[in-house]
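Descriptive analysis of the structure
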Amino acid sequence: MSTYLQLAVLLRQKALDSGTGPSGVTGQTGQLARLVQWIPDAWEEMQKEHDDWLWMRRSFTVQTVASDGEYAYTDCTDATTSAVIARFSHWYKDWFQCYLTSSGVGAEYRLKWVEWDAFKSRYHFGAQNDGPPEHVSVNPARSFVLGPEPDAIYTVTGDFQLAPQVLAANGDTPEFPSEFHRLIVYEALMKYGLNSVAPEKISSAQIESRSLRSALTRQQRPKIRLGCSLV
């Protein structure tokens, strides 16, 4: 497992082949400042390459309020940290479950996804009655919305995707599996090569990263599966 500082030191070794440091990820100047910054830049770009990286997928839970059908991510609890969701990218639309809290999880059922325009036409038009939620959608504010609005306290669970992690302190550690941490260095080394007009560094980084990147994709992307028959 590598820290932000360790990754920055490895990048300096591969980019400059001489010298020492950096001794820290803050307070640097000149070339060391650029090297230090390329690590979090490369890491953020890697996290944004796909919107379904498995290491960024989390589960959540929230208890509804009667007659309130709209829930922001800040209303929900991250099941991994047992705290309010702090970093949010998007909901997984096919993974919303619900049960009447007083009945327990044995009464859980799946909510049906409806696209926002259709949901709005159905549930935001005319007078509406509260009831057991049947449908779920996401509004332009990125809150998920339930229809009908709940008539009691329900527990809603599902999955969401984290927003990218930002490396800021010496000891910060990238959240994906440690065997792939060197990929961040290779991506940052390409930035060094572009900045310094050093094509040999870019070529070296591409060669070294190729097998690791393929392994990361195989391990951390959902598997492609055949759909069920339509008849």
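The following refers to the structure shown. (Residues numbered from 1 in each chain as written. Predicted model: local features only at pLDDT ≥ 70, side-chain atom pairs only at ≥ 80, totals over all residues. Heavy atoms only, no water.)

A few words now on the pattern of salt bridges. Considering all chains together, one arrives at 10 salt bridges under this definition. Across the pair D52 and R221 runs a salt bridge whose closest N-O atoms are separated by 2.7 Å. Highlighted residues: D52 in the loop between α2 (30–48) and β1 (57–63) and R221 in the segment after α5 (199–220), separated in sequence by 169 residues. One salt-bridge network, in which partners are shared between bridges, spans E49, E187 and R213. (Salt bridge = Lys/Arg side-chain N within 4 Å of Asp/Glu carboxyl O. Helix = DSSP H or I, 4+ residues; strand = E, 2+ residues; numbered from the N terminus.)

Take the sheet that holds β1 next. Here six strands make up an open sheet; going across it, the order is β4-β3-β1-β10-β5-β6 and the pairing antiparallel. Looking at which strands have only one partner, the edges of the open sheet turn out to be β4 (83–84) and β6 (109–110). As paired elements, β1 and strand β10 (residues 154–161) share seven bridges and run antiparallel to each other. If you follow S59 over to β10, its bridge partner there is D159. (Pairing = 2+ DSSP bridges.)

This brings us to the packing of aromatic side chains. Overall, the coordinates contain 18 aromatic pairs when judged by the stated rule. Ring centres of F119 and Y123 lie 4.9 Å apart, and the angle between their planes is 45°; on these two criteria the pair is classed as tilted. Remark: Y123 and F119 occur in helix α3 (residues 116–123); sequence separation between them is four residues, near one turn of the helix. Grouping residues by exposure puts F119 and Y123 together as buried. Through successive ring pairs, a cluster of aromatic residues spans F60, Y71, Y73, F88, W91, F96, F144 and F160. For the cation-ring pair, R57 lies above Y92, with the distance from its terminal atom to the ring centre recorded as 3.8 Å. Over the aromatic face of W95 sits the side chain of R110, whose NZ or CZ is 5.2 Å from the ring centroid. (Phe/Tyr/Trp six-rings, centres within 6.5 Å; stacked < 30°, edge-to-face > 60°. Buried < 20%, exposed > 50% of the residue type's maximum accessible area, 1.4 Å probe, protein only. Lys NZ or Arg CZ within 6 Å of the ring centre and 35° of its normal.)

Now for the pairing of β1. Where burial is concerned, the two faces of β1 differ: the one with R58, F60 and V62 is buried and the one with R57, S59, T61 and Q63 is not. The sheet contact formed by β1 and strand β3 (residues 77–78) spans two bridges and is antiparallel. Looking at β3, one finds that F60 is bridged to D78.

Quick look at α2 now. The terminal C-alpha atoms of α2 lie 28 Å apart, and with 19 residues this matches the ideal 27 Å at 1.5 Å per residue to within 8%. Of all the positions in α2, only L35, V36, W38, I39, P40, A42, W43, M46 and Q47 are classed as buried. (Expected span 1.5 Å × (residues − 1).)

Across the sheet, four strands lie side by side as β2-β9-β8-β7; this open sheet has mixed pairing. At either end of the open sheet lies a strand with only one pairing partner, and these are β2 (70–71) and β7 (112–113). The sheet contact formed by β7 and strand β8 (residues 135–138) spans two bridges and is parallel. Bridging from a neighbouring strand, W113 pairs with V136 of β8.

This part is about the side chain of D52. By relative accessible area, which is 16% here, D52 ends up buried. A polar contact of 2.7 Å, which involves the side chain of D52, links it to the side chain of R221. For D52, the contacting residues outside a window of four places in its chain are Y92, Q161, Q220, R221 and P222. (Polar contact = N/O pair within 3.5 Å; in protein donor to acceptor, adjacent residues only side chain to side chain. Contact = heavy atoms within 4.5 Å.)

On the surface, D68, E70, D75, D130, E149 and D151 cluster together into a patch of negative charge. For D68, the location among the structural elements is in the loop between β1 and β2. Residue D68 is classed as partly exposed on the basis of its relative accessible area, which comes to 30%. (Patch = residues over 30% accessible without salt bridge, like charges linked within 9 Å, V, L, I, M, F, W, Y side chains within 5 Å. Areas by Shrake-Rupley, 256 points an atom, 1.4 Å probe, with all protein chains shown as cover. Lys, Arg positive; Asp, Glu negative; His and termini not counted. Charge placed at Lys NZ, Arg CZ, Asp CG, Glu CD.)

Two numbers describe how helix α1 (residues 4–16) lies on α2: the axes approach to 9 Å, and their chain directions differ by 120°. With respect to each other, α1 and α2 are oriented oblique. Considering the relative orientation of α1 and α2, their crossing is right-handed. Here Y4, L7, A8, L11, R12, A15 and L16 of α1 lie close against α2, whose contacting residues are Q31, L32, L35, V36, Q37, W38, I39 and P40. Class assignment of the residues belonging to the contact of α1 with α2 gives a composition of 12 nonpolar, two polar and one charged. (Axes fitted to C-alpha atoms, helices over the stretch in contact; angles between N-to-C directions. Parallel < 35°, antiparallel > 145°, perpendicular 65-115°, else oblique. Left-handed = near helix turned anticlockwise from the far one by under 90°. Nonpolar A, V, L, I, M, F, W, Y, C, P; charged D, E, K, R; others polar.)

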